[in-house]
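Below, each chain spelled out in residue letters.
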Amino acid sequence: MNSPRQSKLWHVLGAGAMGCLWAGALREAGHEVTLLLRDARSLEAFRSGRGITLLEGDQRRLVHCDADLAEAPRAPFDRLLICCKAHQTLAAFSVVAPQLRAGALVLLVQNGMGVAEELLKQRPDLRLCCGVSTDGAHRIAPFTVRRAGRGVTLLGDPVYRYAFKRPWHVAREGLALEPYYPLIEGWDFGQQKPAVVW
């Protein structure tokens, strides 16, 4: 069994602007990515477009990744990125929660508060990290995202109350979770620099 530190596969719940931006960044950095979609119509739209289209300035990139229905049975997995709206998260999470391995890493990046505590009530065995980001993106069409700005992303661990000692700029320093091990190193959405996800 892969530990969260060894896995190169991310499942992404929430395929809106930020979910697609982050899924595309992970895929371009060499990680396997599977978008978990809510219905068959969304899955068909994804398949007809053959991936995620990322727009920035005059650049257009098609990023190939996998997609499946969130409710579809699959092998247990150990990395989940949640980018749903806060009011949708608990219902969406309850669909995939039984598929997460014990000790799985869940990265929660969304607007809203109070969701992390509720997720941990459902699955106290998870390694939950909360993130906030000033990165910007607009959804132009399903699975087509225009990058609206480069920002700063911060991660912290609400269980152990650890976070960054100082503001972290993604483009210059990557993402890391202190005092443990780096969570995401060298992740730069704008420059497509290689990333290592532990």
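These figures come from a predicted structure and were not determined experimentally.

Asks: If you had to explain the sheet that holds strand β4 (residues 59–63) to someone new, which residues and values would you point to?
Replies: Read from one edge to the other, the open sheet built from four strands follows the order β4-β3-β10-β9, with strand pairing classed as mixed. Bordering the open sheet on either side are β4 and β9 (136–141), each of which pairs with just one other strand. Neighbour-to-neighbour, the strand axes of this sheet turn through a mean angle of 25 degrees, independent of strand direction. Pairing of β9 with strand β10 (residues 144–149) involves five bridges; the strand directions are antiparallel. Bridge assignment links Arg 139 to a residue of β10, and that residue is Val 145.

Asks: How would you sum up the nonpolar core? Please name residues and give values.
Replies: Grouped together as the largest cluster of nonpolar side chains are 31 residues, with contacts concentrated most on Leu 35, Leu 37, Phe 46, Ile 52, Leu 81, Leu 107 and Phe 143. Of all the secondary structure elements, the ones that give two or more residues to this core are β1 (9–13), α1 (17–28), β2 (32–37), α2 (40–49), β3 (52–56), β5 (66–69) and β7 (100–109). Counting 21 residues, the second largest nonpolar core, distinct from the first, contains Leu 36, Ile 82, Leu 100 and Leu 119.

Asks: Run through the pattern of salt bridges, naming residues and quoting values.
Replies: The full count for this structure, using the stated rule, is eight salt bridges. Linking Glu 28 and Arg 61 is a salt bridge whose minimum nitrogen-to-oxygen distance equals 2.7 Å. Placement of Glu 28 in helix α1 and of Arg 61 in strand β4 is noted, with a sequence separation of 33 residues between them. Between Asp 68 and Arg 74 there is a salt bridge, and its shortest N-O distance comes to 3.6 Å. Ionic contacts of the salt-bridge type, sharing partners, join the residues Glu 56, Asp 135, Arg 147 and Arg 150 into one network.

Asks: Tell me about the packing of aromatic side chains, residues and numbers included.
Replies: Here a ring pair, both rings aromatic, is described through the centre-centre distance and the interplanar angle of the planes. What the rule picks out here adds up to one aromatic pair. Pairing Phe 46 with Phe 143 gives two aromatic rings, centres 5.2 Å apart and planes at 80 degrees, and the pair type is edge-to-face. With a gap of 97 residues between them, Phe 46 in helix α2 and Phe 143 in the loop between β9 and β10 connect regions that are remote in the sequence. With relative accessibility at 4%, the residue Phe 46 sits in the buried group. Residue classification places Phe 143 among the buried positions, given a relative accessible area of 6%.

Rules behind the numbers
Along each chain, residue indices are assigned from 1 in the same order as the chain's sequence is written. Given that the model is predicted, a residue must reach a pLDDT of at least 70 before its local features are reported, and side-chain atom pairs must reach 80 or more before they are shown or counted; all residues, however, enter totals for whole chains, interfaces and linings. Derived side-chain values reflect all non-hydrogen atoms in the structure, with water molecules and hydrogen atoms excluded from consideration. For two strands to pair, DSSP has to find at least two bridges joining them. Helix and strand definitions here come from DSSP, where helices need a minimum of 4 consecutive H or I residues and strands a minimum of 2 consecutive E residues; each element is numbered from the N-terminal end. Fitted lines through C-alpha atoms give the axes, limited to the stretch in contact for helices. The angle between two N-to-C directions lies from 0 to 180 degrees. Working definition of a nonpolar core: buried Ala, Val, Leu, Ile, Met, Phe, Trp, Tyr and Cys residues. They are joined through side-chain atoms within 4.5 Å. Relative accessible area decides the class of each residue, using a 1.4 Å probe on protein chains only: under 20% of the type maximum gives buried, over 50% gives exposed, and in between gives partly exposed. Between Lys or Arg on one side and Asp or Glu on the other, a salt bridge is scored when a side-chain nitrogen of the former is within 4 Å of a carboxyl oxygen of the latter. The aromatic pairing rule takes the rings of Phe, Tyr and Trp, using the six-membered ring of Trp, and pairs them if the centres are within 6.5 Å, calling planes under 30 degrees apart stacked, those over 60 edge-to-face and the rest tilted.

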